[in-house]
Amino acid sequence: MVPEDRSDGPGAGEESARLQAAGTVRKGCDLSTDSLHGRLQSRRARIHQQIDRELRMRTGAENLYRATSNARVRETVALELSDVNSSLQLLKEELAGLDSSGDTGQPESEGVTAPMIPLGLKETKPLDWAPPLKELICRHFGEDGASYEAEIRELEDLRQATRTPSRSKAGLELLTAYYNQLCFLEARFVTPARGLGPLFHWYDSLTGLPAQQRALAFEKGSVLFNIGALHAQIGARQNRSCPEGIGRAVEAFQRAAGAFSLLRENFSHAPSPDMSPASLSMLEQLMRAQAQECVFEGLLLQAPRAAHDCLAQLRLAQEAAQVAAEYRLVHRTMAQPPVRGYAPFPWITLVHVKAEHFHALAHYHAALGLCDGASVAESELPVLEKVFLSSAEARGPALPQEREERSKLGKAHLRRALLGQEAALQLHAVCRALRREDLLQAVLARALQRSLAKYSELDLEDDFHEATEAPDIQPKTQQRPEGKTPSFSRVKVADIFHRLGPLSVFSAKNHWRLVGPVHLSRGEGGFGFTLRGDSPVLIAAVVPGGRAAEAGLKEGDYIVSVNGQPCRWWKHAEVVAQLKGVGDEGVSLQVVTLLPAAELPVSGDRRPALGGLLRSQKECGQETPVPSRGSPRPRPLLGWNRKANRGKTGRRLSPAPQP
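Treat the numbers as computed from the prediction; the structure is a model and nothing was measured.

Criteria and thresholds
- Residues numbered from 1 in each chain as written.
- Predicted model: local features only at pLDDT ≥ 70, side-chain atom pairs only at ≥ 80, totals over all residues.
- Heavy atoms only, no water.
- Helix = DSSP H or I, 4+ residues; strand = E, 2+ residues; numbered from the N terminus.
- Buried < 20%, exposed > 50% of the residue type's maximum accessible area, 1.4 Å probe, protein only.
- Areas by Shrake-Rupley, 256 points an atom, 1.4 Å probe, with all protein chains shown as cover.
- Pairing = 2+ DSSP bridges.
- Core = buried A, V, L, I, M, F, W, Y, C linked by side-chain atoms within 4.5 Å.
- Contact = heavy atoms within 4.5 Å.
- pLDDT = per-residue confidence, 0-100.
- Phe/Tyr/Trp six-rings, centres within 6.5 Å; stacked < 30°, edge-to-face > 60°.
- Lys NZ or Arg CZ within 6 Å of the ring centre and 35° of its normal.
- Expected span 1.5 Å × (residues − 1).
- Polar contact = N/O pair within 3.5 Å; in protein donor to acceptor, adjacent residues only side chain to side chain.

(A) Structural detail: the overall build of the protein. Secondary structure summary: the protein contains 17 helices and 12 strands in total. The 659 residues of the protein split such that 54% are buried. For the protein, the accessible area works out to roughly 29,100 Å², and carbon and sulfur atoms hold 51% of it.

(B) Expanded view of the pairing of strand β2 (residues 210-213). Across 4 bridges, strand β1 (residues 200-203) lies against β2 in antiparallel orientation. Pairing of phenylalanine 200 across the sheet is with glutamine 213, part of β2. Counting the residues that bridge the hairpin from β1 to β2 gives 6 residues, and of these glycine 208 lies at a positive phi of roughly 80°.

(C) Layout of the nonpolar core. In this structure, Leu119, Trp129, Phe189, Phe225, Tyr327 and Phe497 are the most contacted members of the largest nonpolar core, which totals 108 residues. Not counting the four nearest positions on each side in its chain, tryptophan 129 is found in contact with Ile152, Leu155, Glu156, Arg159, Tyr178, Leu182, Leu185, Leu196, Pro198, Phe200 and Leu216. Ranked by size, the runner-up nonpolar core spans 21 residues in total, among them Ile539, Ile559, Cys567 and Val587.

(D) Structural detail: the confidence of the model for the protein. Of all residues in the protein, 73% attain a pLDDT of 70 or more, and the chain-wide mean is 77. For the protein, the element scoring lowest by mean pLDDT is strand β11 (residues 607-608), at 37; helix α9 (residues 277-300) scores highest, at 95. Here residues 1-23 is a poorly scored stretch, pLDDT under 50, and it has 75 contacts once near neighbours within four places are set aside; other chains count. Note on residues 600-655: pLDDT under 50 across the span, and 174 contacts to partners over four residues away in sequence or across chains.

(E) The environment of valine 353, seen in detail. Summarising the element assignment, valine 353 is placed in helix α11 (residues 345-372). Valine 353 sits in the buried class, given a relative accessible area of 1%. With sequence-adjacent residues up to four places away left out, valine 353 is seen in contact with Ala424, Leu427, His428, Leu434 and Leu444.

(F) Structural detail: the packing of aromatic side chains. Across all of its chains, the model carries 11 aromatic pairs by this definition. Pairing phenylalanine 296 with phenylalanine 358 gives two aromatic rings, centres 5.7 Å apart and planes at 85°, and the pair type is edge-to-face. Placement of the pair is phenylalanine 296 in helix α9 and phenylalanine 358 in helix α11, with a sequence separation of 62 residues. A relative accessible area of 1% means that phenylalanine 296 is categorised as buried. Every member of this aromatic cluster is reached through a ring pair, and the members are Phe141, Tyr148, Phe189, Phe497, Phe506 and Trp512. The lysine or arginine in question, arginine 499, covers the ring of tyrosine 148, its NZ or CZ lying 4.1 Å from the ring centre. Stacked on the ring of phenylalanine 506, the Lys or Arg arginine 568 has its end atom at 4.2 Å from the ring centre.

(G) Quick peek at helix α5 (residues 149-161). Spanning 13 residues, α5 covers 18 Å between terminal C-alpha atoms, matching the ideal 18 Å at 1.5 Å per step. Within α5, the full set of buried residues consists of Glu151, Ile152, Leu155, Asp157, Leu158, Arg159, Gln160 and Ala161.

(H) Structural context of the pairing of strand β8 (residues 558-562). Counted residue by residue, β8 has 5 buried out of 5 residues, so it is predominantly covered. Alignment of β8 against strand β10 (residues 587-594), held across 4 bridges, turns out to be antiparallel. Bridging from a neighbouring strand, isoleucine 559 pairs with valine 591 of β10. By the bridge criterion, 2 bridges tie β8 to strand β9 (residues 565-566) in an arrangement that is antiparallel. By the bridge assignment for β9, serine 561 is matched with proline 566. The loop that links β8 with its antiparallel partner β9 comprises 2 residues; one of these, asparagine 563, has a positive phi angle of about 55°.

(I) The arrangement of the environment of valine 430 in detail. Considering the arrangement of structural elements, one finds valine 430 in helix α13 (residues 403-430). Here valine 430 falls in the exposed class, since its relative accessible area comes to 58%. Remark: the alpha-carbon pair of valine 430 and threonine 349, spanning 81 residues in sequence, is separated by 8.5 Å.

(J) Layout of the side chain of aspartate 557. If you trace the backbone, aspartate 557 turns up in the loop between α16 (547-551) and β8. In this structure the side chain of aspartate 557 is engaged in a polar contact, spanning 2.4 Å, whose partner is the side chain of threonine 593.

(K) Up close: unusual backbone geometry. Note the cis peptide between proline 337 and proline 338, where omega equals 5°. Take proline 338: it is sitting in the loop between α10 (310-334) and α11. The linkage connecting serine 535 with the following residue, proline 536, adopts the cis geometry, with an omega of 0°. Turning to its location among the elements, proline 536 is positioned in the loop between β6 (529-532) and β7 (538-542). Positive phi, close to 45°, is recorded for serine 535, a residue that is not glycine. Tracing the backbone through its elements, the reader meets serine 535 in the loop between β6 and β7. Here the phi dihedral of asparagine 563 falls at roughly 55°; this positive angle occurs in a residue that is not glycine. Structurally, the position occupied by asparagine 563 is in the loop between β8 and β9. The exposure class of asparagine 563 is partly exposed, given its relative accessible area of 38%.

In structure tokens form, the structure reads like this:
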């Protein structure tokens, strides 16, 4: 019923074939879905372009119709407007057909359960990371960008794999791994004043229209959107005829709602409608409503054991009313601009159908409780009366104790159930895309037949009393599923550009000078400096007049090389052990000096790594990243930060080894 939007951007098929031939398909990547959804994406984009052209023609015709006073011209323009409107209707119907021809989100079970809206993934074009990354590595980090071709290729392969994630835990881990790598990239290469450089192309999940930005936050936001969409697809495909499948579906929809909530709170200036605050709010509400529906289905599995329990049936009625209230909220959001302009029509209709369907189910279960339930104790009456709402009475109507009166009230609820189920079937018949959903029609028809059978059973008795008006059911749930933020920290990844050094020092946010190599020999007081910290090791103090001071080393310099061996990731003990093993020939060191914000690089022995942001991390409102090869510690920000943990304070001070 709902499409999974993908694009067949230039070279997409060739790239997929290349990856398959090279045997580099990653775990969690499903390339078999790329071609089908790519063709659907292209057709959607083409239809939207035709719709835009017809809308422009209609706008021009309307302006001419209002501006002219010539009767013949007005007649011609009116005829043209009629043709344009007919074309628009045909195009919209064709688009609705495409929206129903993709992934229907059918569950993996044979049981009869209402279909869910799985939401299609955003598609993207292949991206060449090499030029901007090589240029930045050379210009800012002072290294040969060509030597990092393996790392760049690994990043490109990872991104390519995320274009076709499998609908499984492995697919989610693949998207999360790429998202975590984007956090590393942002921490190392991006500053508030300068982006990474590539132009990121993504297609809107709802309309299929392309959007592009150079901001890495757009790439991160799109990946986060796909994490939420993939959770929704996984939830829609669960077997909801068993408690285990229902539990997995509830968890998946909660994760989807959490992803869209996180995106809405931290992403602004969206270039595509699906990532606008209004759309994300609608998607968040939709995922919560679908999770609430799964909660109700789980309670229905226990219903046979409580068929004659009045209190249990009335609680089911309240749960169904809660689901109806959730879907009504979603429908109101979808029916209002701007969401109404791009939300698929089958979605809007399905949400409306479900709102009517569960409203009717609430009255049906209320009728079962009243007609078939055993007599209730007087002490339980206040609790049961709160189930019903009455516009005339704030505390609700009194629950009748006599069997005949309860049957009359139950019959009134059945009438409301029948009216609601007939309304749901009528709405279902209006949408051509939903008419092809046999499973949905079966669910609605079964509910109607069940209510008709019960009504016929009650109608066998002569009833000459005045018809009773059934009150509304108070929405209430014992389990309200809230959104859950995706667990980014569960997927451990290593920084692909680990060789550049710890992020605490070697990032585009810092600017430094490279000093050396500097040759030091051991004096009477050792090398004349004190070391502190790990990765990289810091020169904490320099002895005045010592060998280190004479060589030009300064307090605050970081040691990056010992006798030609890179030591940016060495621990404190490793550097000390290396220095202790130095003989009379001395040691050759390379260090870097972080420059303050106001200082510009100068020429000389202290060679600058060009570029960089002349602004401290503190001024940027960001803390120092953890100098670790492990996974970044995600925080709920698209401008990803990490806690300050440079490992410099609170550590022991170690003087350079004595002779």
